[in-house]
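# Close look at the chain arrangement
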Amino acid sequence: MPATHDDAHFRRVLGHFPTGVTVVTAALGGVPTGLAVGSFTSVSLEPPLVAFCPGTNSTSWPKIQEAGVFCVNVLSETQEELCRLFAGKSEDKFTGLGWKPTLETASPLLDGVLAWIDCEIDNVVEAGDHWIVVGRVKALDAFDDHGGPLLFFRGGYGRFAI
């Protein structure tokens, strides 16, 4: 490892770990918001908890935090463009998208996702240039007929093959 911190080297090395791609959504005052997240993980079975890590400079995260609830939409291998849309800074990412509000939190559930996890915010911890957001799972489901997952690896998108 280099003696000094090097952001590019750090990203390159960690890019060797593949991650699934999700879009975290919420609705604040009935207006949907969301962001692409690769840092999603399960935390606990009892109680059921999950976590994700939005950047401290995110413009969507404060709206999700204010809503107090969120839905994790696990993207399928055909949803790369959806991921790119939610990774951007557009104010209206939902124009022309198919979605419906979840029953528990009314957060947007995007059409065509592999799975979804509906949560309320349980805890938020600052960690460097990101937040660690822990969510208490209220409802969840998966769709076995929507293909495989969208993955991020070495700076690009890919698919899972067995």
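Right above here is the structure, for reference.
We now turn to the structure provided with this report. (Residues numbered from 1 in each chain as written. Predicted model: local features only at pLDDT ≥ 70, side-chain atom pairs only at ≥ 80, totals over all residues. Heavy atoms only, no water.)

### A closer look at the sheet that holds strand β12 (residues 156-159)
Note the following rule: When DSSP finds two or more bridges between two strands, those strands count as paired. Strands here mean DSSP runs of E at least two residues long; helices mean DSSP runs of H or I at least four residues long; both are numbered from the N terminus.
In space, the three strands of this open sheet follow the order β1-β11-β12, with antiparallel pairing throughout. Of all the strands in the sheet, the pair left with one neighbour each is β1 (19-20) and β12. Bridge analysis of strand β11 (residues 150-153) against β12 gives four bridges, and the strand direction is antiparallel. Opposite Phe 153, over in β12, you have Gly 156 as the bridge partner.

### Description of the nonpolar core
This is how it is decided: Buried Ala, Val, Leu, Ile, Met, Phe, Trp, Tyr and Cys residues form a nonpolar core when they are joined through side-chain atoms within 4.5 Å. Note on classification: 1.4 Å probe, protein chains only; a residue is buried when its accessible area is under 20% of the maximum for its type, exposed when over 50%, partly exposed between these limits. When checking whether two residues touch, look at their non-hydrogen atoms; a contact exists if any pair is within 4.5 Å.
Counting residues in each nonpolar core, the largest one holds 17 residues, and the members touching the most others are Val 24, Phe 52, Ile 64, Phe 70, Ile 117 and Cys 119. At the level of elements, β2 (22-28), β3 (31-37), β5 (49-52), α2 (61-67), β6 (69-74), β9 (115-127) and β10 (130-142) are the ones that each hand at least two residues to this core. What Phe 52 contacts, discounting residues up to four positions off in sequence, is Val 24, Val 37, Ser 39, Phe 40, Trp 61, Phe 70, Trp 131, Ile 132 and Val 133. Of all hydrophobic cores here, the second largest spans 14 residues; its members include Cys 71, Cys 83, Phe 94 and Leu 150.

### Digging into the environment of Gly 135
Along the polypeptide, Gly 135 turns up in strand β10. The spacing of Gly 135 and Cys 119 is 16 residues in sequence and 5.3 Å in space, taken between C-alpha atoms. Beyond its immediate chain neighbours, meaning those up to four positions away, Gly 135 contacts Pro 48, Leu 49, Val 50, Phe 70, Cys 119, Glu 120 and Asp 122.

### With respect to the state of the cysteines
We apply this condition: We call a pair of cysteine sulfur atoms a disulfide when they lie within 2.5 Å.
Counted under the stated rule, the structure contains zero disulfides. In this structure Cys 83 is not part of a disulfide, and its nearest cysteine sulfur, from Cys 71, lies 16 Å away. Assessed through its relative accessible area of 2%, Cys 83 is described here as buried. Cys 119 takes part in no disulfide bond, and the closest cysteine sulfur, belonging to Cys 71, lies 7.6 Å away.

### Here's the deal with unusual backbone geometry
Note that the residue after Glu 46, namely Pro 47, is joined by a cis bond; omega there is 0°. Here Pro 47 lies in the loop between β4 (41-44) and β5. One non-glycine residue, Ala 106, lies in the positive phi region at around 65°.

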